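A closer look at the structure
If you want the building blocks of each chain, they are given just below.
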Amino acid sequence: MPIALLKFPTDLLREVFKLCDPFELYKLSKCSKRTQKSITLGGAKDWKISFYGGNEMLISVDYSYYYFNQAMNPEDYFQTNLGGYTNHMFIEFPVEGGFDLFVYLTNTFGIRTIKSLQMMYGSFANVSKVAKFSIERNMETESFGIGFAQDVQDVVNFMPMLSQMNITQLLECSLMFPPDFHFEFVKYPSQICIRNSSWFNINQLQDCTSAEVRLYDSILSNQDLNAFLQTWKNAGAFPNLRLLLIQSRKIDNQSPILGMIPPIVNVNNPRIRVLVHGYDDIINAVRVTKEDGTIGWLKVELGIYASLEFLIYCLSKCSKRVRKSITWRGPRNWKIRHGKSKTTWVRCGEDQYVFKHTINPDEYYKTSLWPYSAIFSNIQPLSMFVDIAERGDLFNYLLDTFKITIVELLDNCDEDIEFLRQTSSIAIDKNMEVEQVNLYDLKNPRGRDAVDFMSVMNQLKITQSFYCCIEFPSNFQHQFTTYPNEICVLNSTWFKIGQLLNCTCVKIELIGSVLRNQDFDVFFKKWKKTGTYPNLRWLKIASKKIDNQSTILEIVPPITNANNPLIEASFGYNDSFEISKAVRITKDDGTEGWLKVELGNWPKLKFLVVKPESVNVTNT
Amino acid sequence: MSSTEQGTSSAAPAEPTTAPESAAAPEVPESFYYVHGKDKVVHKVSAGALQHSALIHGMISNLGYTEEQAKANPFPFENIDGDILQMVVDWCNQHKGKPTPPEDTNLPKQKEKLFDLVLAVNYLEIKELLTYCCKQVAMMVKGKSPEEIREIWMIPTDAEDEAAEKEAKKRAGKEAAGETAAAAGDAK
């Protein structure tokens, strides 16, 4: 059934176009001039375009790639191969080739960023025209590469234009220029990688503001590199630099670099890994310290391919300015927690990093694999020694530097309740989410410390679970203000019926409880009413006070039904529960729960609320 | 009605418990409002369901109507066909107080009504439903050629657009001439 799309108001058209991919919008643009114009009314897109000089154009939409390929035959026009992330469509290329298509696509889709512009195939003139167009339109070019040209002189003539381009991330050049070639950069992208780099002299290196510099086939000498590194040692020099790699036939053992005659290696030093854009490793390097305390690792090797590697490690410790610039990246989804042996852990997805203080300066920033297994992950963590002595200071430093907003776990496993109180206060002050709180019963079980901490704990924003096995004094009372998804309380005499009636948890386990049949009867009568305990899925209570002297929902314990099947239900992350020979009770709204009450030496009550999608039933 | 399946019990039932149940908060009765479309058929809709519509929600948030006042003053949406309004009301009722899932199977299926539905939903500012409808519109041309897209979305060709433009200009010229002549007549 047709629909008159162009009769939609502009804001609606925009909504529809937002849901179309580049291929659909391209085909739509080919329907008529009016539709092409209406696509641009949708506003500029944050899509990115790439061109490598040949008969192919790439548009990147987040992590999906849309290639526009030249069709050999008209019958192939608009044929598409869709592959999820990589997609191809065959189209009629404009007579003038890639440049015209580039202009058409950027204009039609309102694209403002070139992801990659490379001279790799086809006509250099096309790439040159695109570069000129990008200057005229003030477009950002993230990555620019000069890899191939039939006539090097074309590229030599082009180079002044390169100074006018807004190249932000990477400049790669592998072309061999004439011996008399000279080029001065006006500004540098964050990375440069130049092969055949004999034209890149020490003055350019001294002016370079890039974070990563890779020069191959260079003619920089020991003296040049010594001069550069002497400059680097001054406070404030080369604040962006993270990695320098120079392969030069002029590096030799005839003069020192920073007072050391090459080769410069230290077999006692560990592998240092620095994350720049991917991983770069340096092994057996010598430590070099800047005036402001920033640490770099230097290694110079001789041989046919003599090379100098220099990594600046531990970015946040480089300088205050660098630390500040890390925080500009905004909050991350990283989580923090404390571990045993006074360690602090940062989790980034599956990866975990252990920070541990050392008093030995020679060990600062040394990294190694953490010898013990990690909780919550199968991936072995990486650990690093740091110079911040106080755990609270380190906790604050990492929170502020990485803008961490989630505490993964707070516990008292190191028996330092004062430290637990301190970090809890930080979490409260910063309004952080705390996923789990575990309170273990340690040497000082009845002390005031744990009791006092409970009032602090009530102010924490605990979201996932609270586990407590502290044996509190008999007069201890506590009222939760909010509940996490799960609570598990051993020695739960203080968890009274009033709290159970107000509890909003998904999963409740109370061991060593003093709740009685009458309490449970009240609880289940409330549960049966529509709208009560909408979250509750699992309740397990072990209480010596459960007996056969009074009823629970008009049934005298034990409450079982041998004819009923085994019910298994899974919910949440990795959580599944089962209950067999239980009695079915039904809520007013039809929700089913399975109740089983057993007597004996360890009377206990189990209750599983099932939802159809999460349940398996096995007849036993 | 709730029910309890009797389980095995070995002792006589004891006296019912007298333990106090926690005091439940008094339930606030739900308020209802009334809307009608072009066909004047009045639909009773709860305030909860109407929250989906930013337009109506804005209208009712400060009214404080009683049930009788609300009944006596249905909101008129004369620009929306009755059957379309019915679809919208049904959708709002189905999604009352719930977050809408990424794929909504309750979306009205009638493609022939989609155009009017999109316009109505856009007018009533029902954001989630609008997104679903727009997704349906976008899905109509998945994998289609420009020729097919032109048919499905009723897109005129360049020649048709030019002809229509010429016609419009001609009409505008005639109207302007007519107005000038009328003005001259008036002046005489």
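Residues numbered from 1 in each chain as written. Chains lettered and ligands numbered in written order. Predicted model: local features only at pLDDT ≥ 70, side-chain atom pairs only at ≥ 80, totals over all residues. Heavy atoms only, no water.

- The name given to chain B in an unreviewed UniProt entry is Skp1-related protein, and the organism recorded there is Caenorhabditis nigoni.
- If you open the UniProt record of chain B and go to Pathway (unreviewed entry), you find "Protein modification; protein ubiquitination."
- The UniProt entry for chain B carries the following comment under Function (unreviewed entry): "Probable essential component of SCF (SKP1-CUL1-F-box protein) E3 ubiquitin-protein ligase complexes, which mediate the ubiquitination and subsequent proteasomal degradation of target proteins. Regulates cell proliferation during embryonic and larval development." (UniProt positions renumbered as here; feature names shortened; annotations may be inferred.)

- In the nomenclature of an unreviewed UniProt entry, chain A is known as F-box domain-containing protein of Caenorhabditis nigoni.

1. With respect to the overall build of chain A
- For chain A, the count of helices and strands is 14 helices and 33 strands.
- Counting over 620 residues, chain A shows a buried share of 53%.
- Long-range contacts, defined as pairs at least 24 residues apart, comprise 58% of the intrachain contacts of chain A with a sequence gap of at least 6.
- Working note: accessible area of chain A is about 28800 Å², and carbon and sulfur atoms make up 48% of it. (Helix = DSSP H or I, 4+ residues; strand = E, 2+ residues; numbered from the N terminus. Buried < 20%, exposed > 50% of the residue type's maximum accessible area, 1.4 Å probe, protein only. Contact = heavy atoms within 4.5 Å. Areas by Shrake-Rupley, 256 points an atom, 1.4 Å probe, with all protein chains shown as cover.)

2. A word on the packing of aromatic side chains
- Tallied over the full model, the rule gives 38 aromatic pairs over all chains.
- Taking 4.5 Å as the distance between ring centres and 40° as the angle between the ring planes, the aromatic pair formed by Phe228(A) and Phe238(A) counts as tilted. In this pair, Phe228(A) sits in helix α8 (residues 222-233) while Phe238(A) sits in the loop between α8 and β11 (243-248), placing the two residues 10 residues apart along the sequence. Note on accessibility: Phe228(A) and Phe238(A) belong to one class, buried.
- Here the aromatic residues Phe177(A), Phe181(A), Phe183(A), Phe185(A), Tyr188(A), Trp199(A) and Phe200(A) are joined through ring pairs into a cluster of three or more.
- Over the ring of Tyr216(A) we find Arg195(A), and its NZ or CZ is 4.3 Å from the ring centre.
- The ring of Phe32(B) has Lys44(B) sitting right over it, with the charged end atom 4.5 Å from the ring centre. (Phe/Tyr/Trp six-rings, centres within 6.5 Å; stacked < 30°, edge-to-face > 60°. Lys NZ or Arg CZ within 6 Å of the ring centre and 35° of its normal.)

3. Structural notes on the pattern of salt bridges
Residues and elements named next belong to chain B.
- All chains considered together, the criterion is met by 20 salt bridges over all chains.
- The residue lysine 38 makes a salt bridge to aspartate 81 at a minimum N-O spacing of 3.1 Å. Highlighted residues: lysine 38 in the loop between β2 (32-36) and β3 (42-46) and aspartate 81 in the loop between β4 (75-76) and α4 (82-94), separated in sequence by 43 residues.
- A relative accessible area of 28% places aspartate 81 in the partly exposed class. (Salt bridge = Lys/Arg side-chain N within 4 Å of Asp/Glu carboxyl O.)

4. A word on the environment of Ile114(A)
All names here are of chain A.
- Within the element layout of this structure, isoleucine 114 appears in strand β6 (residues 111-119).
- In this structure isoleucine 114 comes out as buried when scored by relative accessible area, which is 0%.
- Here the alpha-carbon distance between isoleucine 114 and serine 143, two residues 29 residues apart in the chain, equals 7.7 Å.
- Apart from the residues within four sequence positions on either side, isoleucine 114 is in contact with Ile49, Phe102, Val130, Ser134, Met139, Glu140, Thr141, Glu142 and Ser143.

5. A short note on the pairing of strand β25 (residues 486-489) of chain A
Residue and element names in this part refer to chain A.
- Looking at chain direction, strand β24 (residues 461-468) and β25 are connected through four bridges and run parallel. Bridge assignment links phenylalanine 466 to a residue of β25, and that residue is isoleucine 487.
- The sheet contact formed by β25 and strand β26 (residues 507-513) spans four bridges and is parallel. Within β26, the residue paired with isoleucine 487 across the bridge is isoleucine 508.
- Considered for its hand, the β-α-β crossover made up of β25, helix α13 (residues 497-502) and β26 is right-handed. (Pairing = 2+ DSSP bridges. Right-handed = clockwise from strand over helix to strand, strands pointing away.)

6. Overview of unusual backbone geometry
- Cis geometry is adopted by the peptide bond preceding Pro263(A), which originates at Pro262(A) and carries an omega value of 5°.
- Within the secondary structure layout, Pro263(A) lies in the loop between β11 and β12 (272-275).
- Between Pro557(A) and the following residue, Pro558(A), the backbone shows a cis peptide bond with an omega angle of 5°.
- Relative to the elements of secondary structure, Pro558(A) occurs in the loop between β27 (538-543) and β28 (566-571).
- One non-glycine residue, Glu125(B), adopts positive backbone phi at about 55°.
- As for its placement among the helices and strands, Glu125(B) is situated in the loop between α5 (114-124) and α6 (127-139).
- Using a relative accessible area of 41% as the deciding quantity, one classes Glu125(B) as partly exposed.

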